[in-house]
Amino acid sequence: LIFPERIEENLSRMIACVGDVDRLRPHVKTHKLPQVIALEIKHGISKFKVATIAEAEMTAQSGGRDILVAYPQVGPGPNRLTELVKKFPHVVFRAIADSDCGIDALSRAATAGRVEIDVLLDLNLGMNRTGISPGKDAEKLYRHIVSAPGLSAGGLHAYDGHLHDADYARLTAAAEAAFVPVWNLRDDLIASGLSVPRIVASGTPTFSILAKRSDIELGAGTTVLWDEGQKTLSPDLDFLSAAILMTRVISRPTEDSLCLDIGHKSVASEMPHPRVKIFGLEDASFVLHSEEHLVVRTPKAAEFPVGSVLYAMPRHICPTVALHSDVCAVRGGRVVEIWPVVARTRRITI
């Protein structure tokens, strides 16, 4: 269940936090929905961050005008991105790269397609997932982007998803320390005569911290829908839950347990339990989670006969949305529309 009014309130709070809507670049991977893109555009947001070519295409189809594909493009990726650039000439598509071979692959595809692709250097701030550490090697790689045919150097991408701490002071200190090398790299590149048009940064936990800087774009995504995990990780952030799961009791296997129909195929299961917060059963313990089943133990089991409807907030909303082919938009307590989750697919037309 998706609540559009709550999404709009979250967007208003995001804009109020940054002060300038042009600094927002919300991540589409959280929702993958053209209707949410429309709400964001309604609020003046024109820049977006995506993880897949399908998300990029959906965002362009929905009116996005500046789209950063924040995932290294390898294999068929550079050619698919080139096709996107050709199909939507009125849209600026940007890519990231963190290696010579990645830059060369983008350059070959752009040159062959007779287009130009804006490329941001992807930096590793300690998450050790993608990116190159800020420093001399990063400066050399940025120069490679500058000189590569078919590419333009679009700045720096610095995702800090490993930074999260419920203690705001500790999180602030960690974020400030992590970004010192980024600011230094930017200053060194500019001092050497190179342009660094933008820095795209921020995960959701550091959103309000990095929003205090006026010289970066913020790419938070979970703030749009919110979830139970982020609520716990970031108690300083004030956003509304705008997406929940409706579930039913399908069995009462023992006197003190209930089986619900939100298995691995309904709720993201990469996190440890509790993977959902079940309203009215907040104290239940989690016994079994499998493909179609979630079994919980509770002394209140007798209060929920088979068929009872319950509501649950996922711990991690982004991969949970991706498990569903469509969502139900709720206004005034009633489902008013069914929205297909368009960009959960790997491919739309390109």
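My aim in this report is to walk through the structure given alongside it, one point at a time. Just so we're clear, the structure is a prediction, and the values are computed from it rather than from any experiment.

## Some points on the nonpolar core
Argument step 1. Judged by nonpolar contacts, the single largest core of 84 residues is most densely connected at Phe93, Leu123 and Leu156.
Argument step 2. The leading source of residues in this core is helix α7 (residues 168-191), at eight residues.
Argument step 3. With residues up to four places along the chain from it excluded, the contact list for Phe93 reads Ala56, Ala60, Ile67, Leu81, Leu84, Val85, Phe88, Ile117 and Asp118.
Argument step 4. Judged by nonpolar contacts, the second largest core, of 16 residues, contains Ile262, Val267, Val276 and Ala312.

## Comments concerning the pairing of strand β2 (residues 66-69)
Argument step 1. Of the two faces of β2, the one holding Asp66 and Leu68 and the one holding Ile67 and Val69 are both buried throughout.
Argument step 2. A crossover connection joins strand β1 (residues 47-50) to the parallel β2 through helix α3 (residues 53-61); in handedness this β-α-β unit is right-handed.
Argument step 3. Examined bridge by bridge, β2 and strand β3 (residues 92-97) share four bridges and lie parallel to one another. Of the residues in β3, the one forming a bridge with Ile67 is Phe93.
Argument step 4. Handedness of the β-α-β unit built from β2, helix α4 (residues 77-87) and β3 comes out right-handed.

## Some points on the packing of helix α5 (residues 100-113) against helix α6 (residues 136-147)
Argument step 1. Running from amino to carboxyl end, α5 crosses α6 at an angle of 10 degrees, the nearest separation of the two axes being 10 Å. Compared by their axis directions, α5 and α6 come out roughly parallel. Note on element contacts: α6 touches α5 through Leu141, His144 and Ile145, opposite Asp100, Ile103 and Asp104.
Argument step 2. Across the contact of α5 with α6, the residue classes tally to three nonpolar, one polar and two charged.

The rules behind the values
- Residues numbered from 1 in each chain as written.
- Predicted model: local features only at pLDDT ≥ 70, side-chain atom pairs only at ≥ 80, totals over all residues.
- Heavy atoms only, no water.
- Core = buried A, V, L, I, M, F, W, Y, C linked by side-chain atoms within 4.5 Å.
- Buried < 20%, exposed > 50% of the residue type's maximum accessible area, 1.4 Å probe, protein only.
- Helix = DSSP H or I, 4+ residues; strand = E, 2+ residues; numbered from the N terminus.
- Contact = heavy atoms within 4.5 Å.
- Right-handed = clockwise from strand over helix to strand, strands pointing away.
- Pairing = 2+ DSSP bridges.
- Axes fitted to C-alpha atoms, helices over the stretch in contact; angles between N-to-C directions.
- Parallel < 35°, antiparallel > 145°, perpendicular 65-115°, else oblique.
- Nonpolar A, V, L, I, M, F, W, Y, C, P; charged D, E, K, R; others polar.

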